[in-house]
Amino acid sequence: MFQTSIFSRQFIILNLFLLACIPAFAQSETAEETNWDCDPSLVPMAKTIRAFRLQNEVELDGLLDESSWRQSGYDGLIQNDPDNGCAPRNRTEFWVAYDNEALYVAARMYDSAPDSIAARLGRRDTWPSSDWIYLNFDTFNDDRNAFSFSINPAGVIGDAVLYNDGWDDSSWDGVWDAATTIDQLGWTMEVRIPFSQFKFPDTENQVWGINFSRRTLRFNERSELFHNPRGGSGYGSRFPDLVGISGIKPENKAEVRPYVLGKAESLEVDDADPFHDNPQFSGNVGLDLKTPLSNNLTLNATVNPDFGQVEVDPAVVNLSAYETFYEERRPFFVEDANVFRFGREGVNNNWDFNWMDPLMFYSRRVGRAPQLGINSDYDYADIPQFTTILGAAKVSGKIGTTSIGGMTALTAREKAHLQNGGQQFDQVVEPLSNYSVIRAKTTRDEGLKGLGVMVTHTARDLDDPNSQAQLDRRALTGGIDGWINLDEDGVWSLKGYLGASHLTGSAEAIESLQTSSRHYFQRPDASHLDYSSDATKLDGFIGRLALNKQSGNWLLNAAAGYSSPGFDVNDMGFMFRTDIINTSLVGGYRWLEPNKLFRNQTVNLATYWTWDTGGMADGGGFGMWHWGQLANYWNINTHVFYNPETNDPRMTRGGPNMRSADNSELSFRLSTDRRKKLVGSTDVFLSKSNSGDRSASGGVSIQVKPATSLSFEIGPRYSWNQTDSQYYDTILDPTMSSTFGSRYIFSDLEYRQFSIESRIDWTFTPKLTLQAYIQPLFASGDYTRMKELARASSRDFNVYGQDNGSSVDYRPDLDSNNPWVVTPDGSNPGNTFSLADRDFNFKSLKVNLVLRWEYGAGSTFYFVWTQDRADFENPGSFSLSRDAQSLLDAPGEDIFMVKISQYFSL
């Protein structure tokens, strides 16, 4: 603890020093770069952009030497940042044209200092610090959704979809081309986007929304086709119209991407292992298909998809009772993922204090790691890491004003191959399963109103007793969500949703759900819960309503939610807990006009309170947040929060209620200007309680950009936590009437973790990149001073070896798996029991190297190397130098993969 305190103090001193230096740093910006007094009415903005039909072919080379670009273009851009409402520092001229197959955009970005143009290289969709052009097309002109295409002077591209009138999702990848050049006048670009990459109405004359946005890095300038006042809400709803496009139809061509993959694995294998070789070779083939069903509907399908090129998930140590959430990274599922979002749209701020909106569709459930544990002894095993996706199909698009999406996927019945005593046998670890989801959402009054519906269904073929006992057979969830702006200007918005679930299965499977960490129906003092070991179904519902002030200096968000105990979406979705009533209130003020210290800042005050559905208070608190951007484009964030002592019915993990300690917390974060070649950030988090619980964490992140094609980023982070109430185990004991017939064991825990996340990005050309990710992680937990909860609804403990004549001895000679021997009451030595030693020292090294070459439009070659190694020596003890050496000495598993994906348009 002494070493940890020294670290915490040094880190706090460093952050306080940086905080004291802020006024000096903040005023380093030169006054000539900023003009804070502008009149938007004096800037000639274009109200409508007219596209013209091409008469001659365009060679996509970025030179603008075709006759089509010699006519006058559009140049009516206005600054939205930093000099809101002013004319841009440099002029821009652009043209929009089309032919029967594609949309074309050409542009000349004049620059008074061409040698200062920021043209940084980077991989597609990484948006390195650079000058940029963003092209946004609201093809249905619904003021809420749009396609976005971005190009920088080095020819790097990115694309995304916009939704909820300003949010973006960069998971979508279209097939389109761009070319750029830099010359003595500035830089130029030509873009060709096939109409097949859009969805649009089936009408003769198209009217779209359009935005042309220019970002100039050295000025942090953002100029667009519309003026958005500081503090204003909305983005796509402000786009001017794009007219002039007529007589177009997307080509009724299918896009096909077959792939072939080869993999070599170097594993640590026992010579007698009948299932694995070293090295081990394998291969795979599959197919992705995308075809238009109409102008505005698209079918995506995949057969035997492979996701081997995605970045590895970071190592995580989870000491809670809840599942770890991981982001989706697989291409088939991330495309059009925004279509399946539920309950979040309609407002520009969602505050969730001790509440989680249900993620009705969590696509990582499809192809998940097998769920069923092995219930047999074995010497050797070949257990699948993931479930095979036999096939999946997805339809998305728009019919009239209604967006629709649907997906269905079939995953294989997976078996583990086992050997015990020379005998081989199989065990099912995942049943044949079908996952389906349907989503529809409609908007009215230019996006001021919206209403949606969503349904998911999971069906499993449970053909063996083990599967029937552990998994529900059917899971049906559904909900409606919507929003309404309460005034024509969209200042106030009300959003809400209602959801329900219905699960069926065997009595054993439903009982397992009832007693899971999401529900804890077995809590002995929770009379409002209907726990039944004979039930064959589980039903529940959820609802939430939120009022949000969307724009202006003053901010307000008020929300209330209710989740019944039986609500459950985790067969196909994700949610932490149910049985909760939640309210929250946030109010704040934004300073939107720059001054000598801050460009903008916000202060929010917040409070929240929660109860279970039986009416027992089990959470609450109040606090303050501050966000600010300094005049030199550094950012500072702080927050303080206090949570008073309350009830916690989940600390005993299915046992009776107990009291949780109060908690005070403080955080601080400072980050520098991301335009610079050296970028840094630092943060610290501190918390304490009156019970003696303490925690501290902090980190530093440094990014170095020595060249336009190369960047290095390193982020060390240290965490320390000490608590006197870490859950340890539950022991049945009918004599413990004060805790309803069980002993709920806790202990002191000192947890320490140190990790470093490092990334290297080397871009040879916009289509040839090398990326490396390296993460060493060291974590230890030292459990001491074991104790039991003395009585329900308290925080009183009987400490073993101290109270009631109890004793605790470490006797691995009696049972190596449960070496702690506890006699909880000296007057009754017959109730002695044994506990496992939960001390741990987990060390992990993850390395991921990806070479990506986009050798043709939509066609990609990958070479991937992944290394994973782990070590568990010296449990309970933390020594960075010793543990680093142990990790380096540990055997590693290496995987090498080559994948080729070829794009065809048929």
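Model, not experiment: these values are computed from the prediction.

What counts as what
- The numbering scheme is per chain: residues are counted from 1 as the chain's sequence reads.
- For a predicted model such as this one, the threshold for reporting local features is a pLDDT of at least 70, and the threshold for listing and counting side-chain atom pairs is 80 or more; totals across whole chains, interfaces and linings nevertheless cover every residue.
- As a rule here, side-chain values come from all non-hydrogen atoms in the structure, and water together with hydrogens is ignored.
- Every helix listed is a DSSP run of H or I at least four residues long, and every strand listed is a run of E at least two residues long, numbered separately from the N terminus.
- Here's how the labels work: a residue is buried when its accessible area is under 20% of the maximum for its type, exposed when over 50%, partly exposed in between, all with a 1.4 Å probe on protein chains only.
- When checking whether two residues touch, look at their non-hydrogen atoms; a contact exists if any pair is within 4.5 Å.
- In these notes, a set of buried Ala, Val, Leu, Ile, Met, Phe, Trp, Tyr and Cys residues joined through side-chain atoms within 4.5 Å is what counts as a nonpolar core.
- Grid spacing is 1 Å over the protein atoms alone, the probe is 1.4 Å, and a cavity is where that probe fits but cannot get out, while a pocket is an open set with protein on both sides within 12 Å along at least five of seven lines and lining residues have an atom within 4 Å of a point.
- Grid points are joined across faces, edges and corners, and a volume is the space filled by probe spheres set on the points.
- Polarity classes work like this: nonpolar for Ala, Val, Leu, Ile, Met, Phe, Trp, Tyr, Cys and Pro, charged for Asp, Glu, Lys and Arg, and polar for all others, with Gly in that last group.
- A residue's pLDDT is the predictor's confidence in that residue, given on a scale from 0 to 100.
- A strand pair is defined by DSSP finding two or more bridges across the two strands.
- Basic side-chain nitrogens of Lys or Arg form a salt bridge, by our definition, when they fall within 4 Å of a carboxyl oxygen of Asp or Glu.
- Comment: arc refers to directions from the helix axis out to C-beta atoms.
- Definition of a polar contact: a pair of N or O atoms within 3.5 Å, with one able to donate and the other able to accept a hydrogen when the atoms are protein atoms, and with sequence-neighbouring residues admitted only if both atoms are side-chain atoms.
- Here, axes are lines fitted to C-alpha atoms. For helices the fit covers the stretch in contact, and angles between N-to-C directions go from 0 to 180 degrees.
- Patches here are clusters of residues that have more than 30% relative accessible area and form no salt bridge, with a 9 Å joining cutoff for like charges and a 5 Å cutoff for nonpolar side chains (Val, Leu, Ile, Met, Phe, Trp, Tyr).
- With residues, only the protein chains shown are counted as cover, and all accessible areas are computed by Shrake-Rupley using a 1.4 Å probe.

Let's talk about the overall build of the protein chain
Then, in step 1: Each helix and strand in the protein chain was counted, giving five helices and 48 strands.
Then, in step 2: The principal-axis extent of the C-alpha atoms belonging to the protein chain is close to 100 × 65 × 55 Å.
Then, in step 3: Within the protein chain, the fraction of its 906 residues that count as buried is 53%.
Then, in step 4: Taking contacts inside the protein chain between residues at least 6 apart in sequence as the whole, the part at least 24 apart equals 65%.

Quick look at the nonpolar core
Then, in step 1: By size, the foremost hydrophobic cluster in this structure holds 36 residues, and its most contacted members are Leu135, Phe137, Met189, Phe198 and Phe212.
Then, in step 2: Beyond its immediate sequence surroundings of up to four residues, Leu135 is in contact with Val105, Phe147, Ser148, Phe149, Ile151, Met189, Val191, Asn211 and Phe212.
Then, in step 3: One finds Val366, Met407, Phe567 and Met575 within the second-largest nonpolar core, a separate group that totals 23 residues.

Examining empty space enclosed by the protein
Then, in step 1: All chains considered together, the criterion is met by seven cavities of 30 Å³ or more.
Then, in step 2: When its volume is computed, the largest cavity comes out at roughly 360 Å³.
Then, in step 3: Lining the largest cavity are 23 residues, with Asn145, Phe147, Asn338, Val339 and Ser403 positioned closest to its centre.
Then, in step 4: In terms of residue class, the lining of the largest cavity is built from nine nonpolar, six polar and eight charged.

Some points on the confidence of the model for the protein chain
When pLDDT is low, close inspection of the predicted coordinates is not appropriate.
Then, in step 1: Taken over all residues, the pLDDT of the protein chain has a mean of 90, while the share at 70 or more is 93%.
Then, in step 2: Residue range residues 1–8 is modelled with pLDDT below 50. Its contacts to residues more than four positions away, or to other chains, number 10 contacts.
Then, in step 3: A low-confidence stretch, residues 28–36 (pLDDT under 50), is modelled with 19 contacts involving residues beyond four sequence positions or located in other chains.

Some words on the pairing of strand 15 (residues 255–266)
Then, in step 1: Sheet analysis places strand 15 next to strand 48 (residues 904–905), joined by two bridges and oriented antiparallel. Looking at the pairing, Glu255 lines up with Ser905 of strand 48.
Then, in step 2: Bridge analysis of strand 15 against strand 47 (residues 892–901) gives eight bridges, and the strand direction is antiparallel. In the sheet register, Leu261 faces strand 47, and the bridge partner there is Lys899.

Notes on the pattern of salt bridges
Then, in step 1: Counted by the stated rule, this structure contains 46 salt bridges.
Then, in step 2: Arg460 serves as the salt-bridge partner of Asp571, at 2.7 Å between the closest nitrogen and oxygen. Placement of Asp571 in the loop between strand 28 (554–563) and strand 29 (580–591) and of Arg460 in strand 24 (residues 449–461) is noted, with a sequence separation of 111 residues between them. Taken individually, Asp571 and Arg460 each receive the classification buried, so the pair is uniform in this respect.
Then, in step 3: Note that Lys843 and Asp871 form a salt bridge whose closest N and O atoms lie 3.0 Å from each other. In this pair, Lys843 sits in strand 45 (residues 840–856) while Asp871 sits in strand 46 (residues 859–871), placing the two residues 28 residues apart along the sequence.
Then, in step 4: Using a relative accessible area of 0% as the deciding quantity, one classes Lys843 as buried.
Then, in step 5: In the salt-bridge network here, residues are joined through shared partners; they are Arg124, Asp159, Asp173, Arg852 and Glu854.

Points about helix 4 (residues 507–514)
Then, in step 1: Every buried residue of helix 4 is listed here: Ala509, Ile510, Leu513 and Gln514. All buried residues of helix 4 lie within an arc of 140 degrees about the axis, which places them on one face of the element.
Then, in step 2: Among the structural elements, helix 3 (465–470), strand 26 (492–504) and strand 27 (537–549) are those in contact with the buried residues of helix 4.

Remarks on unusual backbone geometry
Then, in step 1: The residue after Asp81, namely Pro82, is reached through a cis peptide bond having omega 0 degrees.
Then, in step 2: Inspection of the secondary structure puts Pro82 in the loop between strand 3 (78–81) and strand 4 (92–98).
Then, in step 3: Even without glycine at this site, Ser793 takes up a positive phi of about 60 degrees.
Then, in step 4: Of note, Ser793 is situated in the loop between strand 40 (768–789) and strand 41 (797–799).
Then, in step 5: Residue Ser793 is classed as partly exposed on the basis of its relative accessible area of 42%.

Some details on the side chain of Thr442
Then, in step 1: Inspection of the secondary structure puts Thr442 in strand 23 (residues 432–444).
Then, in step 2: The class of Thr442 is buried, set by a relative accessible area of 17%.
Then, in step 3: Polar contacts involving the side chain of Thr442 include one to the side chain of Thr402, which spans 3.4 Å.
Then, in step 4: When residues no more than four places from it in sequence are discounted, the contact partners of Thr442 are Thr401, Thr402, Lys449, Gly450 and Leu451.

Notes on the environment of Phe212
Then, in step 1: Along the polypeptide, Phe212 turns up in strand 12 (residues 208–216).
Then, in step 2: With relative accessibility at 1%, the residue Phe212 sits in the buried group.
Then, in step 3: When the C-alpha atoms of Phe212 and Gly76 are compared, they prove to be 9.7 Å apart, with 136 residues separating the residues in sequence.

Examining the sheet that holds strand 42 (residues 807–810)
Then, in step 1: The three strands lie next to each other as 42-43-44, forming an open sheet whose pairing is antiparallel. For this open sheet the edge positions go to strand 42 and strand 44 (833–835), each flanked by a neighbour on one side alone. Each adjacent strand pair in this sheet contributes to an overall mean axis angle of 25 degrees, direction not counted.
Then, in step 2: Bridge analysis of strand 42 against strand 43 (residues 820–823) gives four bridges, and the strand direction is antiparallel. Across the sheet, Asp809 pairs through a bridge with Val821, a residue of strand 43.

Overview of a nonpolar patch on the surface
Then, in step 1: Together, Val260, Val285, Trp853, Tyr855, Val898 and Ile900 line one region of the surface with nonpolar side chains, adding up to about 500 Å² of accessible area.
Then, in step 2: Counting only elements with at least two residues in the nonpolar patch, the list comes to strand 45 and strand 47.
Then, in step 3: Structurally, the position occupied by Val285 is in strand 16 (residues 280–294).

Let's talk about the environment of Met360
Then, in step 1: Looking at the secondary structure, you find Met360 in the loop between helix 2 (331–334) and strand 18 (380–382).
Then, in step 2: Of the residues examined, Met360 reaches a relative accessible area of 1% and is grouped as buried.
Then, in step 3: Distance from Met360 to Ser213, taken between C-alpha atoms, is 34 Å for residues 147 residues apart in sequence.

Observations regarding the pairing of strand 37 (residues 694–707)
Then, in step 1: Bridging between strand 36 (residues 678–688) and strand 37 involves 11 bridges; their strand directions are antiparallel. Following the sheet pairing, Lys688 is matched in strand 37 by Arg694.
Then, in step 2: Hairpin remark: strand 36 followed by strand 37, antiparallel, with five residues in the connecting loop; positive phi at Gly692, about 105 degrees.
Then, in step 3: Where strand 37 lies against strand 38 (residues 710–732), 10 bridges are found, and the strand directions are antiparallel. Looking across to strand 38, one finds that Arg694 is bridged to Gln722.
Then, in step 4: The antiparallel pairing of strand 37 with strand 38 creates a hairpin that spans two residues between the two strands.

Remarks on the side chain of Thr411
Then, in step 1: Relative to the assigned elements, Thr411 resides in strand 20 (residues 402–411).
Then, in step 2: When residues no more than four places from it in sequence are discounted, the contact partners of Thr411 are Val366, Gly367, Thr387, Thr388, Ile389, Leu390, Pro431, Leu432, Ser433 and Tyr435.

Topic: the sheet that holds strand 21 (residues 414–420)
Then, in step 1: The strand order across the open sheet formed by three strands is 18-21-22, and the pairing between neighbours is antiparallel. Strand pairing shows two members of the sheet lacking a second neighbour, strand 18 and strand 22 (423–430), which therefore form its edges. When strand polarity is set aside, the average angle formed by the axes of neighbouring strands in this sheet is 20 degrees.
Then, in step 2: Note that strand 21 and strand 22 share seven bridges and pair antiparallel.

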